[in-house]
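If you want the building blocks of each chain, they are given just below.
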Protein chains: 4
Amino acid sequence: MSNTFGKLFCITTFGESHGPAIGCVIDGCPAGLLLADEDIQQELNKRKPGQSSFTTQRKESDIVQILSGVFNGKTTGAPITLVIQNTDQKSKDYDYLQHVFRPGHGDYTYHKKYGWRDHRGGGRASARETAARVGAGAVAKKFLKTKGIEIGAYLAKMGNIEIEPQFFSWEEVNKNPFFCPDPTKVPQMAKLIEITRREGDSIGAKVNIIANNVPAGLGEPLYDKLDADLAKALMSINAVKGVEIGDGFKVVEQRGSTHRDEITPTGFLGNKSGGILAGISTGQPILASIALKPASSIRIPAKSIDDEGNAVEVVTKGRHDVCVGIRAVPVASAMMACVLMDHWLIVYGQKDS
Amino acid sequence: MSNTFGKLFCITTFGESHGPAIGCVIDGCPAGLLLADEDIQQELNKRKPGQSSFTTQRKESDIVQILSGVFNGKTTGAPITLVIQNTDQKSKDYDYLQHVFRPGHGDYTYHKKYGWRDHRGGGRASARETAARVGAGAVAKKFLKTKGIEIGAYLAKMGNIEIEPQFFSWEEVNKNPFFCPDPTKVPQMAKLIEITRREGDSIGAKVNIIANNVPAGLGEPLYDKLDADLAKALMSINAVKGVEIGDGFKVVEQRGSTHRDEITPTGFLGNKSGGILAGISTGQPILASIALKPASSIRIPAKSIDDEGNAVEVVTKGRHDVCVGIRAVPVASAMMACVLMDHWLIVYGQKDS
Amino acid sequence: MSNTFGKLFCITTFGESHGPAIGCVIDGCPAGLLLADEDIQQELNKRKPGQSSFTTQRKESDIVQILSGVFNGKTTGAPITLVIQNTDQKSKDYDYLQHVFRPGHGDYTYHKKYGWRDHRGGGRASARETAARVGAGAVAKKFLKTKGIEIGAYLAKMGNIEIEPQFFSWEEVNKNPFFCPDPTKVPQMAKLIEITRREGDSIGAKVNIIANNVPAGLGEPLYDKLDADLAKALMSINAVKGVEIGDGFKVVEQRGSTHRDEITPTGFLGNKSGGILAGISTGQPILASIALKPASSIRIPAKSIDDEGNAVEVVTKGRHDVCVGIRAVPVASAMMACVLMDHWLIVYGQKDS
Amino acid sequence: MSNTFGKLFCITTFGESHGPAIGCVIDGCPAGLLLADEDIQQELNKRKPGQSSFTTQRKESDIVQILSGVFNGKTTGAPITLVIQNTDQKSKDYDYLQHVFRPGHGDYTYHKKYGWRDHRGGGRASARETAARVGAGAVAKKFLKTKGIEIGAYLAKMGNIEIEPQFFSWEEVNKNPFFCPDPTKVPQMAKLIEITRREGDSIGAKVNIIANNVPAGLGEPLYDKLDADLAKALMSINAVKGVEIGDGFKVVEQRGSTHRDEITPTGFLGNKSGGILAGISTGQPILASIALKPASSIRIPAKSIDDEGNAVEVVTKGRHDVCVGIRAVPVASAMMACVLMDHWLIVYGQKDS
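Residues numbered from 1 in each chain as written. Chains lettered and ligands numbered in written order. Predicted model: local features only at pLDDT ≥ 70, side-chain atom pairs only at ≥ 80, totals over all residues. Heavy atoms only, no water.

*Asks:* How do you make sense of the overall build of chain A when you look at a structure like this?
*Replies:* For chain A, the helix and strand inventory stands at eight helices and 18 strands. Since a compact globule built from 353 residues should have a radius of gyration of about 20 Å, the 21 Å found for chain A is in line with a globular shape. Here chain A holds 353 residues, and the buried ones make up 69% of them. Here the contacts in chain A between residues at least 6 apart in sequence split such that 71% fall between residues at least 24 apart. Accessible area for chain A stands at about 10,900 Å²; split by element, carbon and sulfur atoms hold 50% of it. Once the 42 positive and 39 negative side-chain charges of chain A are each reduced to a mean point, those two points are 2 Å apart. (Helix = DSSP H or I, 4+ residues; strand = E, 2+ residues; numbered from the N terminus. Rg over C-alpha atoms; globule rule 2.2 N^0.38 Å. Buried < 20%, exposed > 50% of the residue type's maximum accessible area, 1.4 Å probe, protein only. Contact = heavy atoms within 4.5 Å. Areas by Shrake-Rupley, 256 points an atom, 1.4 Å probe, with all protein chains shown as cover. Lys, Arg positive; Asp, Glu negative; His and termini not counted. Charge placed at Lys NZ, Arg CZ, Asp CG, Glu CD.)

*Asks:* What am I meant to see in the packing of helix 6 (residues 226–235) of chain A against helix 6 (residues 226–235) of chain B here?
*Replies:* Packed helix pairs are specified by the crossing angle of their axes together with the interaxial distance, meaning the distance between the axes. Look at helix 6 of chain A against helix 6 of chain B: their axes get within 7 Å of each other, and the N-to-C directions meet at 160°. Taken as axis vectors, helix 6 of chain A and helix 6 of chain B run roughly antiparallel relative to one another. In the packing of helix 6 of chain A onto helix 6 of chain B, the handedness of the crossing is right-handed. Together, D227(A), A228(A), D229(A), A231(A), K232(A) and M235(A) of helix 6 of chain A and D227(B), A228(B), D229(B), A231(B), K232(B) and M235(B) of helix 6 of chain B make up the contact between the two elements. In the contact of helix 6 of chain A with helix 6 of chain B, the residues fall into six nonpolar, no polar and six charged. (Axes fitted to C-alpha atoms, helices over the stretch in contact; angles between N-to-C directions. Parallel < 35°, antiparallel > 145°, perpendicular 65-115°, else oblique. Left-handed = near helix turned anticlockwise from the far one by under 90°. Nonpolar A, V, L, I, M, F, W, Y, C, P; charged D, E, K, R; others polar.)

*Asks:* What am I meant to see in the nonpolar core here?
*Replies:* Soluble, globular proteins show a tendency: their nonpolar side chains are buried together. F178(A), F178(B), F178(C) and F178(D) are the most contacted members of the largest nonpolar core, which totals 370 residues. Ignoring sequence-local partners within four residues, the contact set of F178(D) consists of F54(D), L155(D), M158(D), V186(D), M189(D), A190(D), I193(D) and I326(D). (Core = buried A, V, L, I, M, F, W, Y, C linked by side-chain atoms within 4.5 Å.)

*Asks:* What's the story with the interface of chain A and chain C in this structure? I'm lost.
*Replies:* On the chain C side, the residues contacting the 39 residues of chain A number 39 residues. Contact with chain C buries area across many residues of chain A, yet L67(A), F71(A) and W116(A) alone supply 22% of it, more than any other trio. Scanning the region where chain A abuts chain C turns up zero salt bridges. Taken together, the connections running from chain A to chain C amount to ten residue pairs in polar contact (both at pLDDT 80 or more). (Buried area = accessible area lost by both parts, 1.4 Å probe. Salt bridge = Lys/Arg side-chain N within 4 Å of Asp/Glu carboxyl O. Polar contact = N/O pair within 3.5 Å; in protein donor to acceptor, adjacent residues only side chain to side chain.)

*Asks:* What's the story with the relation of the copies chain B and chain A in this structure? I'm lost.
*Replies:* Copies of the same chain, two in number, are related to each other by a rotation about an axis and a translation along it. Between the two copies, chain B and chain A, the superposition gives an RMSD of 0.0 Å; the rotation angle is 180° and the shift along the axis is 0.0 Å. Look at the turn and shift together and you get a two-fold axis relating the two. (Least-squares fit on C-alpha atoms with pLDDT ≥ 70 in both.)

*Asks:* Would you explain helix 3 (residues 130–145) of chain B in this entry?
*Replies:* Helical geometry: 3.6 residues make up each α-helical turn, so side chains three or four residues apart lie on a common side. Relative to the 22 Å expected for 16 residues at 1.5 Å per residue, helix 3 of chain B spans 22 Å between its end C-alpha atoms, a close match to the ideal helical length. For helix 3 of chain B, a buried count of 14 out of 16 residues is recorded, marking the element as mostly surrounded by other parts of the structure. (Expected span 1.5 Å × (residues − 1).)

*Asks:* Would you explain the pairing of strand 3 (residues 21–27) of chain C in this entry?
*Replies:* Residues and elements named next belong to chain C. By the criterion of burial, strand 3 is predominantly enclosed, with seven of the seven residues buried. Where burial is concerned, the two faces of strand 3 agree: the one with A21, G23, V25 and D27 and the one with I22, C24 and I26 are both buried. Across five bridges, strand 2 (residues 10–14) lies against strand 3 in antiparallel orientation. Across the sheet, residue I11 finds its bridge partner in strand 3, namely I26. Following strand 2, the chain reverses through six residues before pairing antiparallel with strand 3; G15 in that reversal takes a positive phi of roughly 105°. (Pairing = 2+ DSSP bridges.)

*Asks:* How should I be thinking about the interface of chain B and chain A in this particular structure?
*Replies:* Often, the extent of an interface is quoted as the loss of accessible area upon association of its parts. Every contact between the two is made by 106 residues of chain B and, on the other side, 106 residues of chain A. Around 8,100 Å² of area is buried between chain B and chain A when both sides are counted, 61% of it from carbon and sulfur atoms. It is Y223(B), K241(B) and R260(B) that lose the most area in chain B upon contact with chain A, and together they represent 12% of the buried surface on that side. E220(B) is the salt-bridge partner of K113(A), the closest N and O atoms lying 2.6 Å from each other. Summed over the shared surface of chain B and chain A, the result is 57 residue pairs in polar contact (both at pLDDT 80 or more). Grouping the amino acids of the side of chain B that touches chain A by side-chain chemistry returns 48 nonpolar, 32 polar and 26 charged. Relative to strand 11 (residues 240–245) of chain B, strand 11 (residues 240–245) of chain A runs antiparallel, the two being bridged by three bridges. Directly across from V243(A), in strand 11 of chain B, lies its bridge partner V243(B).

*Asks:* Can you help me understand the sheet that holds strand 7 (residues 80–85) of chain C in this one?
*Replies:* Strand pairing in a sheet takes place through backbone hydrogen bonds and is either antiparallel or parallel in direction. Residue and element names in this part refer to chain C. In spatial order, the strands read 1-2-3-7-4; together these five strands make up an open sheet with antiparallel pairing. The open sheet has two edge strands, strand 1 (4–5) and strand 4 (64–68), and neither has a second partner. Here strand 1 pairs with strand 2 via two bridges, running antiparallel. Bridging from a neighbouring strand, F5 pairs with I11 of strand 2.

*Asks:* Could you clarify how one ought to interpret the side chain of R120(C) in this entry?
*Replies:* With respect to the element layout, R120(C) can be found in the loop between helix 2 (107–114) and helix 3 (130–145). Among the polar contacts made by the side chain of R120(C), one reaches the side chain of D118(C) at a distance of 2.7 Å. Those residues in contact with R120(C), other than ones at most four positions away along the chain, are F71(A), S17(C), H18(C), G19(C), S91(C) and Y94(C).

*Asks:* When you look at the environment of R58(B) in this model, what are you seeing that I'm missing?
*Replies:* Residue and element names in this part refer to chain B. Inspection of the secondary structure puts R58 in the loop between helix 1 (37–47) and strand 4 (64–68). By relative accessible area, R58 is classed as buried at 11%. Considering only alpha carbons, one finds R58 and D88, 30 residues apart in sequence, at a separation of 6.8 Å. Sequence-distant contacts of R58, that is, excluding residues within four places in its chain, are made with S17, H18, P49, G50, N86, D88, Q89, R128 and R319.

*Asks:* Looking at this model, I keep getting lost on the sheet that holds strand 1 (residues 4–5) of chain A. Mind explaining?
*Replies:* Residue and element names in this part refer to chain A. Judged by pairing direction, the sheet is antiparallel, and its five strands sit side by side in the order 1-2-3-7-4 without closing on themselves. If you trace the sheet from one side to the other, it starts and ends with strand 1 and strand 4 (64–68), each paired once. Sheet strands touched by helix 3 (residues 130–145): strand 2 (10–14), strand 3 (21–27) and strand 7 (80–85). Its angle to strand 3, the strand with the most contacts, is close to 30°.

*Asks:* Sorry if this is basic, but what is going on with the confidence of the model for chain A here?
*Replies:* Detailed reading of the predicted model is not advised wherever pLDDT is low. Taken as a whole, chain A shows an average pLDDT of 94; of its residues, 99% reach a score of 70 or greater. The ipTM for the predicted assembly is 0.97, set against a pTM of 0.97. (pLDDT = per-residue confidence, 0-100.)

*Asks:* I'm lost on the pairing of strand 10 (residues 205–212) of chain B in this one. Help?
*Replies:* On a regular strand, each side chain points to the face opposite its neighbour's, so the side chains alternate between the two faces of the sheet. All names here are of chain B. Counting buried residues along strand 10, seven of its eight residues qualify, which places the element largely inside the surrounding structure. Examined bridge by bridge, strand 8 (residues 150–158) and strand 10 share eight bridges and lie antiparallel to one another. Across the sheet, the residue bridging to G152 is I210, located in strand 10. Two strands pair when backbone bridges link them, and strand 10 and strand 16 (residues 286–292) are joined in this way by seven bridges, in the antiparallel orientation. Paired with K206 across the strands is A291, a residue of strand 16.

Take a look at the structure:
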């Protein structure tokens, strides 16, 4: 496995969905940063299950404990360890999965790769691991904020409900359970969730991520380009099947004369590039989008096989998200934060932090 | 800069568009692989400029020399160095760019990051660097072929010409100058290139990449997932603004009941996942797509600034591709080959190679 | 900081001497290895303080908990997390050090690097961290044992007491509190410790580390040579100031005709190389030695300064080891185990494990 | 193989002793550094064979060409490629080695690891590769000099001739063919070389390396400690069997009260630590020593086997160094320069460069 991410700001996550705890070790955070449990907890709360009727009803309290690296309220330069106890495991719910592969899950591939697997709640493949990412992202966000950099994400599409708000406000995003910037779409989304849940099905989503005030010059060509590192970070999130920077797949039909963002003495005339040219930040907002598949943990029966190759029918029990894209919103911004922090340290070093 | 890619199969590329040469050092190729100049040359020829009237008229012969790592026709385990001399530089063509930033290029960001830049032909940011990637990919392809793995790519869309061939054949792909699997679309593409060129403009494209016979079990969760590493590799290619695995952004509107690929004793019933579940290969074909922007090097004038911040008008001279997506086809399959080879070595080690 | 070690077998350690806990995340251990708390505990017990009257009287129980990566008694391929609670901190003992730098310690350099420091018990610089290394090494040893590889270490010299046993036995090594292979030297060593302690002083030591049954072919020239990686791993242990492979510094006075180990059809005629030629294992035992400095935490007063640059006199209170080399013995063999496991995975991959 | 060294200042070397060329790609050098061929050539000349009657008579001109990364006399931030053509190969000299393993060489281990080998002149295992290290080190030295840091090395012992000059001067070191700081020892060394050569034998050596004006605070605990990284870098040099920092193995017999370097308001009272405490530089000179074995390429016959396991007698022909420690002097300082530069970039970033 490869559970470490980042070159100078390194996060190593651990823990299974139904083990005693999950967590992460954050290595490379400069010394002297004010950091409290609350800084991390408030980000974790955004991702926490059971927050509304629209997400999974698993009731994890997701209380974070800082186990190392912070002394008298400030980081020391030593690795910061976050631990979150698992409290609401219902492992029995997963007994039927011990020898059966759920289609669309890691069950089959983990079995093929490792020879066997921790089948309880998806084990290490569970999206529960993303809580650790959110914790690490919270530290990165706290640091980057001292440099003026702010990172956020929102739901841009759920099923066929496209969200293109006339007036964008982060306040609105953080106020409704869908991280939706357009209040007029909230009732439609609630309805879509309800219908889909009743049908025992799930639905895909698109999430947009934005970073403001990123200085020009971050990103290491040619292989650690800022957009390449973002692509990896975002694609590594559970259920993500696509990543776009700036105009993304829309560029296929564009002409060069319309795509290129012209420059004037007072700045760029557009941001179709998503704030990145030739792998290096331009100083404009960084814009990325991701596509999240509809989760396969649904009540509608599916054809599958067991670990001896026999045909079986699988119905996913347990408590699951109808749209995993919703809770992926804080995860996506956390991953962008980790990438930006890593690149910030490469350019500016520990000393300027 | 970060000019090295891969963990166990490491490629390090070097050279500028108008320097004496470009090349790469390939580290980690197991010993004992039969490898000749021709293995690499035939891949390079696919990307070579001046091959048809539809790509740039720069006339690079792109002759590769193996400088190390091969002895008596076989790899020794030592680093394999490939060098390609630059022969058709017309650096004078770029004099006007010394103090001016072309919109949509790395000119501005390189200046911001490094304080100055090699302005001749885009310097290190030039897509000429991708020849080195193709060379490295040729070595990976040669090795993977001994394991039965075959990798290819084709043009899937140019502007609004969507290519969805009824009968897919690699023979067709490699027979026309567009790497287009559908011969009926070739005349339309030729026409689109001509019109766009006459208008002094450029056009975007979409490329699909496929790997067949990849065994189940490649990919390291959680951060070096196979799809995450592919996303990084593909996004690091010049002009790429989006990466999809399997159904990609189509998943946003899908339901779980239709997205998940059901499994039967004789195999999967679909491949919407693109051959990757939970970051690990399923044994099905690996499917990826990329979006390439229309290049900004066009004759239509654009607003820009010089390095003192004054407003200027830029017209790009030189010999450029109307659709950079065409020559990106062999580059994309090369990058997939490098990623798969890296993961192959992680799972099977040097010894089984 | 850089708290991760290894390429494919990656250990990330965390925690401060006087924080709530220390521990490590072990990433890359193949799935299917039988692993129990006891496997780790028995190694930890060798390093545990308070085991005899010859080491520090700090009374840490050093009970390890496996927090992740093991399910039903076997590794799953997921990261294995070990946590050891700190139970016998007497942080008050260190209050006097908050603004004072102990000579020969990291106090001064941590202050210079990070701007401030966790002064309690040496914080992250404390040798307490090495318990986490021993834990990681225990996992590597368990795995390597399944391949026939056995790793051990012993005290080779303390002060001027040289230990060159006529008959070497690991049983003897593990039976006395000095890890001394020569029972006739144990009383001398006990006496030296007593005298040195009474004088309020400390004493240096040399430790030898041996790995048997390592197959030929481990080690990656040119920069990740097996000896180079061992040198880094061993030099990273607290108090180590020198590393030797095979004959080490004795080679300076040797001739080529005596140094080179001749080869016969039945094997090598000597092992002055320490089992490594050109960075690659020969199949003979791997032999390394390290020099450990006498700790600076002693009762004899020393000149120093405080963090405002004023002259002060420092007397180290607290409970300290007279010879840190003794408890470094299991740490040294743990680090060799981690290096060998890493190289084993590079050569043989996950699949052959 | 692993032919890349460094985290932010990355060097990748390539080439075999009897291939067309050797060289390296230097990645991570900040933009804007004045750099000319001469900067590198003058360092290469120190290591070049055939410089005096006391080293190998192979006559390589070792002319370096900068192939990329420098434009108009300044670095651009792009990878800097150095190429040195091989001109004086006498590969025929090595025909007798195709199936025979020289004792004390990599012949046997390369064969075991890779299944076969480039036997001409040692192939990749040849010390000729160290020319590439010297080239990379020259770039690091040029950069570090702009920060006031100066690095040098000298011969400290050859056989039993210990060199402890009363007055140390770099001028003296660079004026005699032994890099010997004590002119009174030069005749003895010349005589030892002559006698040893006549006997067809070789002799070991010790080299000391010093860096002055290194700021306090370089080094990343716990695993990338400055001394740990130096140990790896130095141990990776051909023929090195031991590495010491500061007092090295002398610490075994020392007491804490004498070892610790006391501190006063005007500085440290000693430098037994070698300028590194807890893995971090103290601001004092960095002191390291290495032991180099007597080369095994000698005329005195030795027992060995061929690749079918038959007993053979080996006599090494070709032109070889009697004391490889002499030409290792510039290699050792080059490796220290690379390590210090890497750590400099980690602490201060690209921007302050």
